[in-house]
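# Commentary on secondary and tertiary structure
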Amino acid sequence: MVVRQVAENAEFSHRELNKAFVLMQYFGYLRRNPNDAPEVGLNFDGYNFWLAKLNQHNGNFIQAEMVKSFIVSSEYRERFGQ
């Protein structure tokens, strides 16, 4: 019963969805884990930055300019020789 209440909590679901969305961007656009090279320090600073920005915009990735930033990143563009 308690686990179900936690899982159905709107705030909990929202936060977990944002975490999964940011992780999906790394896997989908950059094809790497968030703590792999070329991540400076091989930590999760970039992931944490994007998660904070997405949370700041209440999960609105358009307002956070998240997808746009991944697409125009040099790391993404280099995969296509641009």
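The structure under discussion appears in the preceding block.
Residues numbered from 1 in each chain as written. Predicted model: local features only at pLDDT ≥ 70, side-chain atom pairs only at ≥ 80, totals over all residues. Heavy atoms only, no water.

Moving on, we get to the environment of E16. Checked against the element boundaries, E16 lands in helix α2 (residues 10-30). Owing to a relative accessible area of 34%, E16 belongs among the partly exposed residues under this scheme. Linking E16 and R77, residues 61 residues apart in sequence, is a C-alpha distance of 29 Å. (Helix = DSSP H or I, 4+ residues; strand = E, 2+ residues; numbered from the N terminus. Buried < 20%, exposed > 50% of the residue type's maximum accessible area, 1.4 Å probe, protein only.)

A few words on the pattern of salt bridges. Inspection of the entire model under this criterion finds four salt bridges. Between R32 and E75 there is a salt bridge, with the nearest N and O atoms lying 2.5 Å from each other. In this pair, R32 sits in the loop between α2 and α3 (45-56) while E75 sits in helix α5 (residues 74-78), placing the two residues 43 residues apart along the sequence. Take E75: its relative accessible area is 23%, and that puts it in the partly exposed class. Through salt bridges with shared partners, a single network forms among R32, E39 and E75. (Salt bridge = Lys/Arg side-chain N within 4 Å of Asp/Glu carboxyl O.)

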